[in-house]
Amino acid sequence: MLPALPTSRQAHAVRRRLLGWFDRQARDLPWRRVRDPYAIWVAEVMLQQTQVASVIPFFQRFLKRFPTIEELAAADLSDVLRLWAGLGYYHRARHLHAAAKILAEDFVGTLPSLPEDFARLPGVGRYTLGAVYSQAFDCRLPVVDGNVQRVLARLSCCAVPLTNQKARAWLWQYAAALLPRKRVGDFNQALMELGQTVCTPTQPSCGHCPLKTICLAFQSGKEKDLPRSGPRPKPTPVSEVAVLAQQAGRFLVVQRPDHGRWPGFWEFPHAPLTPGETAFDAARRLFRTLTGQPTKSLCHLGSIKYQVTRFQVRLEAVLLQPGPGRVPLTVRQRWLTLVEMSQFPLARPQQRLRALAQQWLDDKKKPKAEPWGTPPEQS
Ligand code: SF4
């Protein structure tokens, strides 16, 4: 059963302790130094599913390149995606860019005065709305992210798994019931910061927590048992080959479709292995399918592993030299040097492949070049 919402007295105690703690302990973060609603918006979008320390350099580079909504709106999407490369979840950058265009056109390049107008922009959900408008305009809107969920589940000793839909809706009600009348943005930031720095997932520092005297989980010794989560599905293993087709110092790259994961990004061609197929066979097949050309020689450069959604991918990087003949290209295929590739938006796994190719080129320059290798073992 879900716990009761906080009484006004309990809510007052939480606000007083948390804001006092925030006044003493708030971290000095770049987006806290500027009171610019646009900068707060960019920071909040970047911070979704990403650690504060990882966001800081991206935020600074982004604001330097696009200091206003108008400048972001006028930019080419590929420039925006390139600056975002490495931060992941690229739909955030596409939405930010699309929303900036609407704001430049309909709101003279500013954030709308009505939160409901902001809520209609691409990529703006309940969390973004609350985070931006509470900090930028002190609107009385709650925020609930993963950190806030954990703090509130412990504070209230909620034993219902947070995968439960009703529990998630209840958390929003709980967060709204705690909000102060003033300093709403500070309160929301304090709640998130407590979850990031004190009320951490496995080792909460309850001894240093401003809420320790009123936290029901800590009072009953259950802080490490909460919050509960439902069973997680195991990731599905996938084996793929990536073809690093190379001739005259350039590599064949292809552009992804404009929808789906990493839309419009560039990459070395890659595809799943079919049952019983070796990485070399798959590389030959993929290259012939893409270009109609035969393969002259192959070399295994290495393997990389990464997780994407529910898939655990093992990618075999195969260097391929095309057979004789001219390789025809479509509009979404190019031969690029590795330096030229760095000017295009590349997803993180593709950046790692590019690094493998760079290593191979560097090794080639050494007095004794690496010999062509043998096929990798199939997993
Ligand atoms: Fe989290 Fe412990 Fe603070 Fe409770 S007392 S909110 S469990 S850090």
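Refer to the structure above for everything that follows.
Read on for an overview of the structure.

## Section: helix α9 (residues 126-137)
Step number 1: The end-to-end C-alpha separation of α9 is 16 Å, in line with the 16 Å expected for 12 residues at 1.5 Å each.
Step number 2: By the criterion of burial, α9 is predominantly enclosed, with 9 of the 12 residues buried.
Step number 3: Each element contacted by the buried residues of α9 is listed here: α3 (37-47), α8 (115-119), α11 (165-178) and α12 (184-197).
Step number 4: Looking one or two residues past α9, D138 carries a phi angle of roughly 55°, positive in sign.

## A word on the site of the ligand
Step number 1: Close contacts around the ligand come from R154, C199, C206, C209, K212, C215, F218 and E223, and that covers them all.
Step number 2: Grouping the constituent residues of the shell around the ligand by class yields 5 nonpolar, no polar and 3 charged.

## Examining the pattern of salt bridges
Step number 1: Enumeration according to the criterion identifies 14 salt bridges in this entry.
Step number 2: Close ionic contact of R256 with E267 constitutes a salt bridge, the shortest N to O distance being 3.1 Å. Note that R256 is positioned in the loop between β2 (250-255) and β3 (266-267) and E267 in strand β3, a separation of 11 residues in sequence.
Step number 3: The exposure class assigned to R256 is buried, which follows from its relative accessible area of 17%.
Step number 4: Here the salt bridges do not stand alone but share partners, grouping D23, R183 and D186 into one network.

## Let's talk about the packing of aromatic side chains
Step number 1: A complete count under the given rule lists 11 aromatic pairs for this structure.
Step number 2: Plain terms: the ring middles of W41 and F118 are 5.6 Å apart, the flat faces sit at 75° to each other, and that makes the pair edge-to-face. Of this pair, W41 sits in helix α3 while F118 sits in helix α8, and the two are 77 residues apart along the sequence. By the burial criterion, W41 is buried, and F118 matches it.

## Observations regarding the side chain of R15
Step number 1: Positionally, R15 belongs in helix α1 (residues 8-25).
Step number 2: Looking at R15, its side chain comes within polar contact range of the main-chain oxygen of L179, at 3.3 Å.
Step number 3: Residues in contact with R15, not counting those within four places in the same chain, are A177, L178, L179, P180 and F187.

## Looking at the pairing of strand β6 (residues 311-322)
Step number 1: Counting buried residues in β6 gives 9 out of 12 residues, a clear majority hidden from the surface.
Step number 2: Here 10 bridges tie strand β1 (residues 236-247) to β6, and the two strands are oriented parallel to one another. Among the inter-strand pairings, S239 is bridged to a residue of β6, identified as R314.
Step number 3: Bridge analysis of strand β5 (residues 295-308) against β6 gives 12 bridges, and the strand direction is antiparallel. Looking across to β6, one finds that I304 is bridged to L315.
Step number 4: The hairpin formed by β5 and β6 contains 2 residues between the paired strands, and T309 there has a positive phi angle of roughly 45°.

## Details of the nonpolar core
Step number 1: Membership of the largest hydrophobic core comes to 68 residues, with the highest contact counts inside it found for W41 and F62.
Step number 2: When residues no more than four places from it in sequence are discounted, the contact partners of F62 are Y38, V42, M46, L72, V80, L83, W84 and L96.
Step number 3: By size, the runner-up hydrophobic cluster in this structure holds 39 residues, among which are L18, Y127, L171 and Y174.

Scoring rules and cut-offs
- Residues numbered from 1 in each chain as written.
- Predicted model: local features only at pLDDT ≥ 70, side-chain atom pairs only at ≥ 80, totals over all residues.
- Heavy atoms only, no water.
- Helix = DSSP H or I, 4+ residues; strand = E, 2+ residues; numbered from the N terminus.
- Expected span 1.5 Å × (residues − 1).
- Buried < 20%, exposed > 50% of the residue type's maximum accessible area, 1.4 Å probe, protein only.
- Contact = heavy atoms within 4.5 Å.
- Near = heavy atom within 4 Å.
- Nonpolar A, V, L, I, M, F, W, Y, C, P; charged D, E, K, R; others polar.
- Salt bridge = Lys/Arg side-chain N within 4 Å of Asp/Glu carboxyl O.
- Phe/Tyr/Trp six-rings, centres within 6.5 Å; stacked < 30°, edge-to-face > 60°.
- Polar contact = N/O pair within 3.5 Å; in protein donor to acceptor, adjacent residues only side chain to side chain.
- Pairing = 2+ DSSP bridges.
- Core = buried A, V, L, I, M, F, W, Y, C linked by side-chain atoms within 4.5 Å.

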